[in-house]
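Listed here are the chains, written in short residue letters.
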Amino acid sequence: MSLRERSPGRAAEDGEDAAGALAEPDGSERCLSLLPWDRFSAWLHCVCVVGFDLELGQAVEVIYPPHSKLTDKEKTNICYLSFPDSNSGCLGDTQFCFRFRRSPGRKVSFCCFLDQLDRDLPVYLKKDPAYYYGYVYFRQVRDKSLKRGYFQKSLVLISKLPYVHLFRTMLKQIAPEYFEKSEAFLEAVCSDVDRWPPPIPGKILHLPVMGIIMKLRIPTYRDKPGTTPVVQNMHQADAQISMALPTVHEVDLFRCFCPVFFHIQMLWELVLLGEPLVVMAPSPSESSETVLALVSCISPLKYCSDFRPYFTIHDSEFKEYTTRTQAPPSVILGVTNPFFAKTLQHWPHIIRIGDLKLPGEVPKQVKVKKLKNLKTLDSKPGVYTSYKPYLNKDEEIVKQLQKGVQQKRPTEAQSVILRRYFLELTESFIIPLERYVASLMPLQKCISPWKSPPQLRQFSQDDFMKTLEKAGPQLTSGLKGDWIGLYRHFLKSPNFDGWFRSRQKEMTQKLEALHLEALCNENLVFWSQKHTEVETVDLVLKLKNKLLQADREHLPVKTDTLKKLQTHINDIILALPDDLQDILLKTGTT
């Protein structure tokens, strides 16, 4: 039965207990009873078809499901971002992705309860509510029957999820067939997606689409950084599995960085510090993959500034990002239009790459070039900047990767080596900060059940710098250089601000959780017997608020602790006069 054939009555029955679906041991099974399109919405916002009209230019021809909401501004952005620039000369099939701002004021869908899954994700995979991703499969082939002489069309998946590899794989399977079969096929694809389980981190998920089943696992924040639990391919028991995805979000890191092979450490610094970066590439495919590779190179840190895997002169933020009246913003842009070579000449760091091919020979050493030498997009590949890295160059990683090229090591293996290198570099950098921030936490003996939870101590740059002499990155990294200067620069960056806010929130919640445990360990009934009714009622209301807060903010509290606190509340209420009992048992709190 297609989605359009489901009866409203049945839909209402299906949706009665939707909000509780994830509370069950197997939330994925329970979610099969949600309203139509709720499961679809957990993965995708909509699917668009963008075509070329001789009079209108690029235009959205189809939006599916039909009830999906896109503002005019969002549609315009999707139109222009779904086609390569004319100079790219992308004949045949091309895949790439883009990212654009959502229009403010949009109502949150019913499926928002699935957002609680977000808290189990690693920080770098959490959804950013202000942005959508667009995953594109563009086809351009000669067709003499058309006035323009070419068939040009894009199938685009719009999603809040940064699962690049998953949606790229999905498009590769469905887009060629869609171009042959058109809209009825698209409806069938969306119907399949609406039967998918929710995107639960840590579970092996089976996602059927048009006769193919994709098997994958979304990482969780509990996974050890740098490890990817392998999803095994085709056991005898699940021979119907067509493909096992090794990752949902990673790109081919080595292939992306190969054109700027000798500057990977400097690029890591620039991304870490949130410096304005432009990637100039021959096609959206190369630009989007390189931008995503840059953003991922500081993992497990989250890149907290804006980044656009593919950016055009028609983008609604074009003026904001190219103005010369102020310093370039902290953003990474991927561009292909030669116009940008002139428009972004004032940007401090520009990466120029050629075609991304599988490296068959050892890359040649390329010096960092001065910005004044970048005249056009035809300039030679390289990094154009006057930036001087804080850290000395790590020659070992370069030799290791060069040796891999000479020995014809698979690019996947090269990417694993490169990813591990970036991970160890980032962890060496962040561990001293983690250690210092942990010291800002008040001691547990300072937590009293009868006082508000204590505050975290203030972050002091000077105090942190003093810790580096004995407990700095030299404990885990052999790299020499001006680590102090790198930290000073980092502490002014959006990435530090985002990281510190996140740690602050975690630690504040931990203090609230410890305060709850301290309350549970007190004899609250005995306390209430020694105090007035007014004070006891006030305590009950505060305890109820504490329980609500624990649920609302997902505080790291054991279920037994919450049950114990609820028992305390009930015992205190039962010791009060009947009229007060009735009022307090009915009273909710905010």
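Just so we're clear, the structure is a prediction, and the values are computed from it rather than from any experiment.

K.L.:
Lay out the overall build of the protein in plain terms, naming residues and giving numbers.
P.N.:
Each helix and strand counted, the protein has 20 helices and 13 strands in total. Within the protein, the fraction of its 590 residues that count as buried is 52%. Residue pairs at least 24 apart in sequence account for 73% of intrachain contacts in the protein once pairs closer than 6 positions are excluded. Counting every atom, the protein has about 28800 Å² of accessible surface; 52% of that belongs to carbon and sulfur.

K.L.:
Lay out the packing of helix α14 (residues 461-471) against helix α15 (residues 483-490) in plain terms, naming residues and giving numbers.
P.N.:
Axis separation between α14 and α15 bottoms out at 11 Å; the angle between their running directions is 155 degrees. On the basis of the axis angle, α14 is roughly antiparallel to α15. Every pair of crossing elements has a handedness; the one defined by α14 and α15 is right-handed. Between α14 and α15, the residues in contact are Gln461, Phe464, Met465 and Leu468 and Ile484, Tyr487 and Arg488, respectively.

K.L.:
I'd like a rundown of the sheet that holds strand β10 (residues 306-308), residues and numbers included.
P.N.:
Strands pair in a sheet through their backbones, by hydrogen bonds, and they do so in one of two ways: parallel or antiparallel. If you walk across this open sheet you meet the five strands as β10-β11-β9-β12-β13, and the pairing is mixed. Where the open sheet ends on each side, the last strands, each with one partner, are β10 and β13 (382-385). Neighbour-to-neighbour, the strand axes of the sheet open up by a mean angle of 15 degrees, direction not taken into account. Of the pairings in the sheet, the one linking strand β9 (residues 277-280) to strand β12 (residues 349-352) comprises four bridges and is parallel in character. By the bridge assignment, Val279 is partnered in β12 with Ile351. Helix α8 (residues 264-272) contacts β9, β11 (331-335), β12 and β13 of the sheet and is inclined by roughly 50 degrees relative to β13. Sheet strands in contact with helix α9 (residues 284-296) are β9, β10, β11 and β12, and its direction is about 160 degrees off that of β11.

K.L.:
Tell me what's going on with the side chain of Gln152, and back it up with residues and numbers.
P.N.:
Positionally, Gln152 belongs in strand β5 (residues 150-159). One polar contact links Gln152 to Gln140, side chain to side chain, over a distance of 2.4 Å. With sequence-adjacent residues up to four places away left out, Gln152 is seen in contact with Val50, Gly51, Phe52, Phe83, Phe138, Arg139 and Gln140.

K.L.:
Could you give me a rundown of the packing of aromatic side chains, with the residues and numbers involved?
P.N.:
In total, this model carries 36 aromatic pairs according to the counting rule given. Ring centres of Phe318 and Phe340 lie 5.8 Å apart, and the angle between their planes is 70 degrees; on these two criteria the pair is classed as edge-to-face. Highlighted residues: Phe318 in helix α10 (residues 318-322) and Phe340 in helix α11 (residues 339-343), separated in sequence by 22 residues. No difference in accessibility class separates Phe318 from Phe340, as the two residues are buried. Between Trp450 and Trp527, the aromatic rings sit 5.2 Å apart at their centres with planes inclined by 15 degrees, giving stacked as the arrangement. On the criterion of sequence distance, the pair formed by Trp450 in the loop between α13 (411-438) and α14 and Trp527 in helix α17 (residues 524-529) is long-range, its members being 77 residues apart. Look at Trp450 and you get partly exposed, because its relative accessible area is 39%. Through a chain of ring-to-ring contacts, the aromatic side chains of Trp268, Phe429, Tyr436, Phe459, Phe464, Tyr487, Phe490, Phe496, Trp499 and Phe500 assemble into a single cluster. Sitting above the plane of the Tyr131 ring, Arg99 keeps its charged end 3.9 Å from the centroid.

K.L.:
Would you mind going over the side chain of Thr343 in detail, with residue names and values included?
P.N.:
Relative to the assigned elements, Thr343 resides in helix α11. A distance of 2.8 Å separates a polar side-chain atom of Thr343 from the backbone oxygen of Phe339. Contacts of Thr343, omitting those with residues within four sequence positions, involve Phe318, Thr322 and Arg324.

K.L.:
Pulling in residues and values, what's your account of the pairing of strand β7 (residues 212-217)?
P.N.:
Judged by how many residues are buried, β7 sits mostly within the fold: six of six residues are covered. Of the two faces of β7, the one carrying Ile212, Met214 and Leu216 and the one carrying Ile213, Lys215 and Arg217 are both buried. Alignment of strand β6 (residues 204-209) against β7, held across six bridges, turns out to be antiparallel. Opposite Val209, over in β7, you have Ile212 as the bridge partner.

K.L.:
Could you give me a rundown of the nonpolar core, with the residues and numbers involved?
P.N.:
Among the nonpolar cores identified, the biggest contains 114 residues, and Trp43 and Phe257 are the most heavily contacted of them. Not counting the four nearest positions on each side in its chain, Phe257 is found in contact with Ile264, Leu267, Ala293, Leu294, Cys297, Leu418 and Phe422. Counting residues in hydrophobic clusters, the runner-up holds 22 residues, among them Leu516, Trp527, Leu565 and Leu580.

Conventions adopted
- Residues numbered from 1 in each chain as written.
- Predicted model: local features only at pLDDT ≥ 70, side-chain atom pairs only at ≥ 80, totals over all residues.
- Heavy atoms only, no water.
- Helix = DSSP H or I, 4+ residues; strand = E, 2+ residues; numbered from the N terminus.
- Buried < 20%, exposed > 50% of the residue type's maximum accessible area, 1.4 Å probe, protein only.
- Contact = heavy atoms within 4.5 Å.
- Areas by Shrake-Rupley, 256 points an atom, 1.4 Å probe, with all protein chains shown as cover.
- Axes fitted to C-alpha atoms, helices over the stretch in contact; angles between N-to-C directions.
- Parallel < 35°, antiparallel > 145°, perpendicular 65-115°, else oblique.
- Left-handed = near helix turned anticlockwise from the far one by under 90°.
- Pairing = 2+ DSSP bridges.
- Polar contact = N/O pair within 3.5 Å; in protein donor to acceptor, adjacent residues only side chain to side chain.
- Phe/Tyr/Trp six-rings, centres within 6.5 Å; stacked < 30°, edge-to-face > 60°.
- Lys NZ or Arg CZ within 6 Å of the ring centre and 35° of its normal.
- Core = buried A, V, L, I, M, F, W, Y, C linked by side-chain atoms within 4.5 Å.

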